[in-house]
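# Chain and residue survey
As a plain string of letters, each chain reads:
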Amino acid sequence: MDIFSKIAAGEIPSYKCAESDKFYAFLDISPVAKGHTLVIPRREVDYIFDMDDDELAEYQVFAKRVAVALKKAFPCKKVAQVVLGLEVPHAHIHLIPMNTEADVDFRKEKLHLSEEEMQHIAEEIRKNF
């Protein structure tokens, strides 16, 4: 079981933002912006495009619902959707509130937020989901 599967199963703590029987959304612990959320399928699949069409469509609809909640919790021009990451062999979508493209620069220094702030951010997203 990979780290993201353990997070979705509750074996590793996370700041849960939303969930369904097939998908799980939680805050990135090294965010590039407040509200930076990861959306994963509960099923272990390494590459998003290895998902069958129906599963991928459901995944995108779930991610859209999370993005809408994120935008309500953290008003911004758009919520960026980024698919990248070779470090964890589990498909994941980054959802990031943005007002400029610079807000989605993964090379910039990550935010260092307190546990209380992370809990508050996750709660705000959950309330709007």
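Scroll up to find the structure.
Residues numbered from 1 in each chain as written. Predicted model: local features only at pLDDT ≥ 70, side-chain atom pairs only at ≥ 80, totals over all residues. Heavy atoms only, no water.

## Describing the packing of helix α2 (residues 53-73) against helix α3 (residues 115-128)
- As a packed pair, α2 and α3 sit with axes 8 Å apart at the nearest point and diverge in direction by 120°. The hand of the α2/α3 crossing is right-handed. Taking contact as the criterion, the partners of Ala69, Leu70, Lys72 and Ala73 in α2 are, on α3, Glu124, Ile125 and Asn128.
- Its residues assigned to classes, the contact of α2 with α3 shows four nonpolar, one polar and two charged. (Axes fitted to C-alpha atoms, helices over the stretch in contact; angles between N-to-C directions. Helix = DSSP H or I, 4+ residues; strand = E, 2+ residues; numbered from the N terminus. Left-handed = near helix turned anticlockwise from the far one by under 90°. Contact = heavy atoms within 4.5 Å. Nonpolar A, V, L, I, M, F, W, Y, C, P; charged D, E, K, R; others polar.)

## Looking at the pattern of salt bridges
- Scanning all chains against the criterion turns up seven salt bridges.
- The residue Glu117 makes a salt bridge to Lys34 at a minimum N-O spacing of 2.7 Å. Of this pair, Glu117 sits in helix α3 while Lys34 sits in the loop between β2 (23-27) and β3 (37-41), and the two are 83 residues apart along the sequence.
- A relative accessible area of 40% places Lys34 in the partly exposed class.
- Among the salt bridges present, the one from Glu55 reaches Arg43, with a minimum N-O distance of 2.7 Å. (Salt bridge = Lys/Arg side-chain N within 4 Å of Asp/Glu carboxyl O. Buried < 20%, exposed > 50% of the residue type's maximum accessible area, 1.4 Å probe, protein only.)

## Structural notes on the pairing of β3
- Burial runs high along β3: five of the five residues are buried.
- Alternating residues of β3 divide into Thr37, Val39 and Pro41 and Leu38 and Ile40, and every residue in both groups is buried.
- Pairing analysis gives five bridges linking β2 to β3, with the strands arranged antiparallel. Along β3, the bridge assignment pairs Phe26 with Leu38.
- With three bridges joining them, β3 and strand β5 (residues 93-98) adopt antiparallel strand pairing. Residue pairing across strands places Leu38 opposite His94, the latter belonging to β5. (Pairing = 2+ DSSP bridges.)

## Things to note about the nonpolar core
- Of all hydrophobic cores here, the largest spans 26 residues; its most connected members are Val39, Tyr59 and Ile125.
- Elements with a contribution of two residues or more to this core: β1 (16-19), β2, α2, β5 and α3.
- In terms of residue count, α2 provides more of this core than any other element does, nine residues in total.
- Excluding residues within four positions of it along the chain, Tyr59 makes contact with Phe23, Val39, Ile40, Pro41, Ile48, Met51, Ala91, His92 and Ile93.
- Judged by nonpolar contacts, the second largest core, of eight residues, contains Phe4, Ile7, Leu38 and Val88. (Core = buried A, V, L, I, M, F, W, Y, C linked by side-chain atoms within 4.5 Å.)

## Re α2
- Over its 21 residues, α2 extends 30 Å from the first C-alpha to the last, a length consistent with the 30 Å expected when each residue adds 1.5 Å.
- Looking at where α2 begins, the residue whose side-chain oxygen comes 3.2 Å from the main-chain nitrogen of Asp54 is Asp52. (Expected span 1.5 Å × (residues − 1). Polar contact = N/O pair within 3.5 Å; in protein donor to acceptor, adjacent residues only side chain to side chain.)

## Examining the side chain of Asp28
- Position of Asp28 relative to the elements: it lies in the loop between β2 and β3.
- Buried charge without a partner: Asp28 forms no salt bridge, and the closest opposite charge is Lys110, 7.9 Å away.
- For Asp28, the side chain forms a polar contact with the main-chain nitrogen of Ser30, separated by 2.7 Å.
- Apart from residues lying up to four places away in sequence, Asp28 is in contact with His36, Thr37, Leu38, His94 and Met118. (Lys, Arg positive; Asp, Glu negative; His and termini not counted.)

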